[in-house]
Structure formats: structure tokens, C-alpha cells
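Structural features, examined
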Amino acid sequence: PAVNQIESHPYYPQNDLIEYCQKEGIVIQAYAALGGQDGTKAKWKALGGKLLESAPVLDASKRLNKTPAQILLRWSLQRNCAIVPKTCDPNRMKENSDVFNFELSEEETKAIAKLSDGVCDDEGRLCWRTEKLRMLDRIP
């Protein structure tokens, strides 16, 4: 394949897959760079809170005078991932495109990456429903 579209964000970075694809010349297109929309309150709490409200993201946001969303999008770009931010709001579209005029420092990049420390395997996955399918035998 030329492109592999995957969920990737600081709680679910998929480092090994990204490294492999980049080594093989496959472009990574990361969706859910802001953390996805399918996480429950309990899941967010277990992970340490929403990415947009995490300390390293807010610290970088303050230093660079950018929104937390812009910081997370830039983090993905600096990992050489194409990104697919999802919005219907024209103001957010403009905001999401304003991520090419700054860079995160190495320390900021590492601090954001550390958000996945202690998150095991697929625990950080926030997109698509992850609970087991139930009552399939009741479908007519």
C-alpha cells in the first residue's frame, strides 16, 4: 500500500507500526489526532484525562500561543504523519490549518509522547466501539 490510515494520538501512538511503514515508504495518515470521540468518561479518567486538557499539551499551547488542538495536530505532523482533523466548523477548519508556522520543542514532543507511558496495548484506543458485541443472537 501507499498509505496506511490508522488511529494515532498520544494515548495510542502506534510507534512500531509507524516506524515500520515509514521504513517501507508507506505514508501514515493518522486520524483521531485529538483523541477521538468514542472514549467514555470512565475511559478518559483511566487514561489520565482528555488529551486537549493534558498538562504537556496545555504547557506547549501557552508557550506557543496556539490552541491545544493545534498542539496535538503539530505533534502528529512532527512524527511525519499526515493528519485528518474532523470538523464541520469553518473556524475550526481555519484553526486546524494553522499548524505549519511553528514547531514543538524536543522537550515538548517528548512530554506529549510520555502521555502513553503506562497505557497498555489497546487501552489507549479511543475510536470505534471497543466493547464486545452483545446479543447478536437476537437479531431477526
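Higher on the page you've got the structure.
Reading guide: rules and limits
Residues numbered from 1 in each chain as written. Predicted model: local features only at pLDDT ≥ 70, side-chain atom pairs only at ≥ 80, totals over all residues. Heavy atoms only, no water. Pairing = 2+ DSSP bridges. Helix = DSSP H or I, 4+ residues; strand = E, 2+ residues; numbered from the N terminus. Right-handed = clockwise from strand over helix to strand, strands pointing away. Axes fitted to C-alpha atoms, helices over the stretch in contact; angles between N-to-C directions. Parallel < 35°, antiparallel > 145°, perpendicular 65-115°, else oblique. Contact = heavy atoms within 4.5 Å. Nonpolar A, V, L, I, M, F, W, Y, C, P; charged D, E, K, R; others polar. Buried < 20%, exposed > 50% of the residue type's maximum accessible area, 1.4 Å probe, protein only. Arc of directions from axis to C-beta.

Now for the pairing of strand 1 (residues 3–7). Where strand 1 lies against strand 2 (residues 27–31), five bridges are found, and the strand directions are parallel. In the sheet register, I6 faces strand 2, and the bridge partner there is A30. Taken together, strand 1, helix 1 (residues 15–23) and strand 2 form a β-α-β motif whose crossover is right-handed.

Attention shifts here to the packing of helix 3 (residues 55–64) against helix 4 (residues 68–78). One can describe the packing of helix 3 onto helix 4 by two numbers: an axis separation of 8 Å at closest approach and a directional angle of 105°. Put simply, helix 3 runs roughly perpendicular to helix 4. Across the interface between the two elements, V57, L58, A60, S61 and L64 of helix 3 pack against P68, I71 and L72 of helix 4. Classifying every residue of the contact of helix 3 with helix 4 gives seven nonpolar, one polar and no charged.

This paragraph deals with the sheet that holds strand 3 (residues 82–84). The sheet built from three strands is open, its strands ordered 1-2-3 with parallel pairing. Looking at strand neighbours, the two that pair on one side only are strand 1 and strand 3, the edges of this open sheet. Within the sheet, the average angular offset between the axes of one strand and its neighbour, ignoring direction, is 30°. Packing against the sheet, helix 1 makes contact with strand 1 and strand 2, and its axis sits at approximately 170° to strand 1.

Attention shifts here to unusual backbone geometry. Phi is positive for A32, which is not a glycine, with a value near 65°. One non-glycine residue with positive phi stands out, namely N65, at about 55°. Residue position: N65 is located in the loop between helix 3 and helix 4. Assessed through its relative accessible area of 70%, N65 is described here as exposed.

For V84, the position within the fold is in strand 3. As a C-alpha pair, V84 and Q5 span 79 residues in sequence and 9.4 Å in three-dimensional space. Residues in contact with V84, not counting those within four places in the same chain, are Q5, Q29 and A30.

Our next topic: helix 3. For helix 3, the full list of buried residues reads P56, V57, A60, S61 and L64. An end-on view of helix 3 places all buried positions within 135° of arc, on one side of the element. Structural note: helix 3 exposes D59, K62 and R63 on the side pointing more than 90 degrees away from its buried face. Check the buried side of helix 3 and you find it contacts helix 4 and helix 6 (106–113). Immediately beyond the C-terminal end of helix 3, within one or two residues, lies N65, with a positive phi of roughly 55°.

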